[in-house]
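Per-entry structural report
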Amino acid sequence: MTAVAIAAAPRGWRAGIGLLLLPVVAFYVVMFVWPSLNVLWLSITHDQHLTLSSYIAFFSDPFSRTVLLRTVRLALLITVAALVVAYPIALYLADPERRGRGIVTFVVLAPLLVSAVVRAYGWIIILGPNGLLSDLLLDLHLTSKPTYLLFSESAIVIAVTHVYLPFMVLAIAGSLQQIDPALGRAARNLGASSWRAFFRVTLPLSLPGITAGSLIVFCLSASAFVTPTLLGGSRVPMMAYLVYNQGILLLDWHMASAIALILLVVTAGVTLLYSWLTGRGGPVEAVR
Amino acid sequence: MAYLEIEQLAKSYGAARALQGVSFTAGQGEIVALLGPSGCGKTTLLNLIAGFIAPDAGTIRVGGRLMNAVPPHQRDMAMGFQNYALFPHLDVARNVAFGLEMRGIAKPERARRVTEALELVHLAGLEDRYPRQLSGGQQQRVALARALVVRPSLLLLDEPLSNLDTLLRKTMRNDMREILRRAGTTVLIVTHDQEEALVMSDRILLLANGVIEQMGTPEDLFERPRTVFAAHFMDTANLIAGRISRADNGCVEVETGVGALTAERCGAAVGADVTVAIRPERIRLDGAAGDNRIDGVVRTVNYLGTAYRLEVEAGGTTVVVAASAGGARPQTGQRVSLSWRRCDTRVVEGGGAASQ
């Protein structure tokens, strides 16, 4: 509708809209495009000479390769974990007959209201030695030794899933809310049990929300910095931590830029692959 | 032998009684319209029979089998939804096949029955289309095919034509009746449109405020309404209050504000307060029809295409007359002599109803 309104607007109007966009475009160019080009330039030069030495150095170092693989693996794990946790919550939120949806929404959104550092320290208290989780497992006699999750991949997965859960919940709930409630009744009426009705109707129709939520969570967690650094630290570093290390601590801006770009290419690649898989004409679409 | 048997069905929502003591039966293959204004309980009745809601009291039997405790997906009934509820992510063939698939019917048999069903609703060749690529009328027919293909024990249609435009609705109701007739399924159609009910059903169940007002063939309801509500709902515009003053063999005389009117015999006794119902299209303007006659003056004239709708002031009340178009246009202020036959004068229950 908006597009129609703009297309139908007089010529002068459209020029006016272009003018209104100017500050945004200027801001975007100065604050994003220029620095990005700068990063690209830094990554492929050394002492003003074009060279791929930073990339070669990255990929020939087994430690860097481990970090890259860990980043992709953890980001995927976080995405799956968020999806599994978020879907039932989204189903609850999308059902207009449920009470207490306001409270659930608040609880889901709460991580976004707390500063990343405060939230990470909260997890340190829970996951650390003599922390809540460790004590609980000891008290229940489920373990005999104190559990030490802090500074491990599990700690990163748990904490990052917690932060980015709201994006997944909201994306899926949004697409569930668009499903006509009569479709569920139609499926039931045609002889589908509630499980089959869910898998044949509700789940496929919520796929756009699953796709959007998964992409957001994957990209955010692949490039997450504060939470993984505080909960994993130098013991289980991720890509963003490497960038920080090279750029701020070792002052090797060429290497830092190269790592940042590798991360960007990987997330962009996964995004494109995922969109193709679930989008129109992709294999998943064909199955549906 | 009755196929669908509903007995003393009742349902309340809190203090609001949606349905009360509803009993009726329908024979195998019969098409029954549940007719009534919005809020009369017709959709509640449909949902009770489908099993989406549970009754407070009463029983539902299909083919002798008690259905009260059977969950909706095991009732073997198919429902047509007001907005069709087609699955947007499945093409026409998969939409129609859905119920067969859920019943575990093998693929070759499924394909054969889908083809058959699509032929029945004249949609052969559109198997690969998605619902969004179809017109409203086509979507309606896909929904019908999807419901009929499972050979349901009972087909429940909720306002099946209300989402279509007027012209399409008129074609579709004939098509649909033909399709339903050929499928031979027992059908309940919920509608608020009396014309739709008249055209599509074998029998009409008229509901008002959660109780059955009248049940009968379309002709019964149209020609022989029993109550003021039924007469009014079937578009009988002239309802004149009166009192029975005389009854002899075959006919009664009703004393009304417009004078004494002769009517067909009815159950009411002499002295009872009743209402006389006369259909506008049965009244003539030339005084030639006999039995009942009053003089009046034409006050307004509306041209409806097929007829002129006149409001005639006669005997201190306004009488609505539908004069067939084609003749000379009646003029405002014209003096007319209204007349109608005794057999077109119905005495209905409920006195004191003002002429509507």
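Preceding this paragraph is the structure being described.
What counts, and where the lines are drawn
Residues numbered from 1 in each chain as written. Chains lettered and ligands numbered in written order. Predicted model: local features only at pLDDT ≥ 70, side-chain atom pairs only at ≥ 80, totals over all residues. Helix = DSSP H or I, 4+ residues; strand = E, 2+ residues; numbered from the N terminus. Buried ≥ 20, exposed ≤ 12 C-beta atoms within 10 Å, placed from the backbone. Contact = placed C-beta atoms within 7 Å. Pairing = 2+ DSSP bridges. Right-handed = clockwise from strand over helix to strand, strands pointing away. Axes fitted to C-alpha atoms, helices over the stretch in contact; angles between N-to-C directions. Parallel < 35°, antiparallel > 145°, perpendicular 65-115°, else oblique. Left-handed = near helix turned anticlockwise from the far one by under 90°. Nonpolar A, V, L, I, M, F, W, Y, C, P; charged D, E, K, R; others polar.

Helices and strands together make up the secondary structure of chain A, namely 15 helices and two strands. Seen through its C-alpha atoms, chain A measures out along the principal axes to roughly 75 × 70 × 35 Å. A burial count over chain A gives 32% of its 288 residues as buried. Here the contacts in chain A between residues at least 6 apart in sequence split such that 69% fall between residues at least 24 apart.

This part takes up the overall build of chain B. Across its full length, chain B holds eight helices and 19 strands. The C-alpha extent of chain B, read off along each of the three principal axes, is 70 × 45 × 35 Å. Within the span of chain B, comprising 356 residues, buried residues form 42% of the whole. Counting contacts in chain B only where the partners sit at least 6 residues apart, residues at least 24 apart contribute 66% of the total.

Attention shifts here to the pairing of strand 8 (residues 187-191) of chain B. All names here are of chain B. For strand 8, a buried count of five out of five residues is recorded, marking the element as mostly surrounded by other parts of the structure. On strand 8, burial covers both faces: Val187, Ile189 and Thr191 on one face and Leu188 and Val190 on the other are all buried. Of the strand pairs in this sheet, strand 3 (residues 31-35) and strand 8 are connected by five bridges, and their pairing is parallel. By the bridge assignment, Leu34 is partnered in strand 8 with Val190. Of the pairings in the sheet, the one linking strand 7 (residues 154-158) to strand 8 comprises four bridges and is parallel in character. By the bridge assignment for strand 8, Asp158 is matched with Val190. Between the parallel elements strand 7 and strand 8, the chain passes through helix 5 (residues 166-183) in a crossover that is right-handed.

Axes are the key here: two packed helices are described by the angle between their axes and the distance separating the axes. Residues and elements named next belong to chain A. The interhelical angle for the contact between helix 4 (residues 62-94) and helix 11 (residues 207-222), taken along N-to-C directions, is 140°, at an axis separation of 9 Å. Between helix 4 and helix 11, the angle falls in the class oblique. The interaxial crossing formed by helix 4 with helix 11 has right-handed handedness. Between helix 4 and helix 11, the residues in contact are Thr71, Val72, Ala75, Leu76, Ile78, Thr79, Ala82, Leu83 and Ala86 and Ile210, Gly213, Ser214, Val217, Phe218, Ser221 and Ala222, respectively. Of the residues in the contact of helix 4 with helix 11, the class split is eleven nonpolar, five polar and no charged.

Residue and element names in this part refer to chain B. Spatial ordering of the open sheet is given by 2-1-4-5, a layout of four strands whose pairing is antiparallel. Strand pairing shows two members of the sheet lacking a second neighbour, strand 2 (16-26) and strand 5 (65-66), which therefore form its edges. Sheet topology places strand 4 (residues 57-62) next to strand 5; two bridges connect them, and they run antiparallel. Counted as the bridge partner of Val62 is Arg65 from strand 5.

Moving on, we come to the interface of chain A and chain B. The partner chain B presents 17 residues to the 16 residues of chain A that form the contact. Mapped onto the side of chain A that touches chain B, the elements with two or more residues apiece are helix 9 (181-189) and helix 10 (194-205) of chain A. With six residues, the top contributor of residues to the side of chain A that touches chain B is helix 9 of chain A. Residues belonging to the side of chain A that touches chain B are distributed by class as follows: eight nonpolar, three polar and five charged.

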